Amino acid sequence: MSSEHSTESIQDHIRVYLIVFGALAVLTVVTVVASYLDISTSEGIFLALIIASIKASLVAGYFMHLISEKNTIIWVLMLTVVFFFVMLFLPLISYTDQVHI
Amino acid sequence: MEVPYIIKEREDTGLINSKLGIWIFLASEIMLFGGLFSAYIFLRLAAPPGDFARWASELSVPLATVNTLVLISSSVSMVMAWASLKLKDFSKYKMYMGITLLCALIFLVIKYFEYTAKFSHHIYPSSSTFMAIYFTLTGLHGIHIIGGMIVMIYFWLPIGNQMWDSRPELFTNRVEVLGLYWHFVDLVWIFLFPVLYLL
């Protein structure tokens, strides 16, 4: 956030922070309840990760102000996300080694 | 010589240097935790079916749920501390930063009880693959909590008052940068909680 925020805009921000806080608390309870649902493991993993991603987006978007952040930071993060997924699935290559064993 | 562009934004990036710096640091943190999440996925895929879920059932979901709510509360109070400085209300900043510190301490105390409960049942990182990655991930996360608390204490003590009195804009920016780090620590927990405790 840049330094030219007016008092009114900060007050608006505070309202948003409290709404996000409520949403995060509700989603935490939803995650726990969803884990007791009678669904398959893969469906459970999918649901839990979807809820966690929504919560993470709320924290990053509003508390970390990414929603109104400068492009320099957005580009740094997009590059990070690309490398993150490359690293996450890099070990998959090892599975191709084992095919003919 | 003073570090340049820590109060006014640079024209080319549109940012103060400290904010760009913390974001690049957080990018490296994403890779650090990302590597361990990747390890978790492949260890789970290689484990006997149901092994991870069975060991995860040893953990306390109620305690972790409370800890999640505590950490979310600390994130809100951190952003409120920054907003208070923007509103030039230093006493409110002190209150909110104090609440953030308290929440961080509560998180650690609960984590301590979780760990000692495991140890008393003779469950250690060496007990299973799940417990190895559980202690690694939560331990590293706990170290990040302690790191954040050290900076929070520094800004909460009288030296914070001095910084605010002499250079309020710089102090506000410092609290914002600390907040970005703290929200990231919260963000990591948001993924750790379902992955380790609920799946």
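Now for a description of the structure that goes with this document. Because the structure is a prediction, the values reported are computed rather than measured.

Cut-offs and rules
Residues numbered from 1 in each chain as written. Chains lettered and ligands numbered in written order. Predicted model: local features only at pLDDT ≥ 70, side-chain atom pairs only at ≥ 80, totals over all residues. Helix = DSSP H or I, 4+ residues; strand = E, 2+ residues; numbered from the N terminus. Rg over C-alpha atoms; globule rule 2.2 N^0.38 Å. Buried ≥ 20, exposed ≤ 12 C-beta atoms within 10 Å, placed from the backbone. Expected span 1.5 Å × (residues − 1). Contact = placed C-beta atoms within 7 Å. Nonpolar A, V, L, I, M, F, W, Y, C, P; charged D, E, K, R; others polar. Core = buried A, V, L, I, M, F, W, Y, C linked by C-beta atoms within 7 Å.

Along its length, chain A carries four helices and zero strands. Relative to the globule expectation of 13 Å for 101 residues, the C-alpha radius of gyration of chain A, 19 Å, shows a markedly less compact shape. By the burial criterion, 19% of the 101 residues in chain A qualify as buried.

Another aspect to go through is helix α2 (residues 41–63) of chain A. Residues and elements named next belong to chain A. The first and last C-alpha atoms of α2 sit 32 Å apart over 23 residues, in line with the 33 Å expected at 1.5 Å per residue. Residues Ala 48, Ile 51, Ala 52, Lys 55, Leu 58, Val 59, Tyr 62 and Phe 63 constitute the buried set of α2. Downstream of α2 by a residue or two, His 65 has a phi angle that is positive, lying close to 60 degrees.

Taking 1.5 Å per residue, 29 residues should reach 42 Å; helix α1 (residues 7–35) of chain A reaches 42 Å between its end C-alpha atoms and fits that length. When we look at burial in α1(A), the residues that qualify are His13(A), Tyr17(A), Val20(A), Phe21(A), Leu24(A), Thr28(A), Thr31(A) and Val32(A). The inward-facing, buried residues of α1(A) abut α2 of chain A together with α3 (61–86) and α7 (168–198) of chain B.

On the side of chain B, 38 residues touch chain A, which itself brings 37 residues to the contact. Elements that contribute at least two residues to the side of chain A that touches chain B include exactly α1, α2 and α3 (71–89) of chain A. In terms of residue count, α1(A) provides more of the side of chain A that touches chain B than any other element does, 12 residues in total. Of the residues assigned to the side of chain A that touches chain B, the class counts are 24 nonpolar, 11 polar and two charged.

Before going further, it helps to spend a moment on unusual backbone geometry. The phi angle of most residues is negative, glycine excepted, and most peptide bonds adopt the trans form. Residue and element names in this part refer to chain B. For Tyr 5, which is not glycine, the phi torsion reads 55 degrees and is therefore positive. By secondary structure assignment, the location of Tyr 5 is in the segment before α1 (17–46). In this structure, His 122 is a non-glycine residue whose phi angle is positive, near 60 degrees. Its place among the elements puts His 122 in the loop between α4 (90–120) and α5 (129–156).

This part is about the nonpolar core. Of all hydrophobic cores here, the largest spans 66 residues; its most connected members are Val79(B) and Ala81(B). Take this core: its biggest share by element is 18 residues, from α7(B). Those residues in contact with Val79(B) that sit more than four places away from it in its chain are Tyr17(A), Phe63(A) and Gly179(B).

Interpretation note: all reported values are geometric properties and have no functional meaning in isolation.
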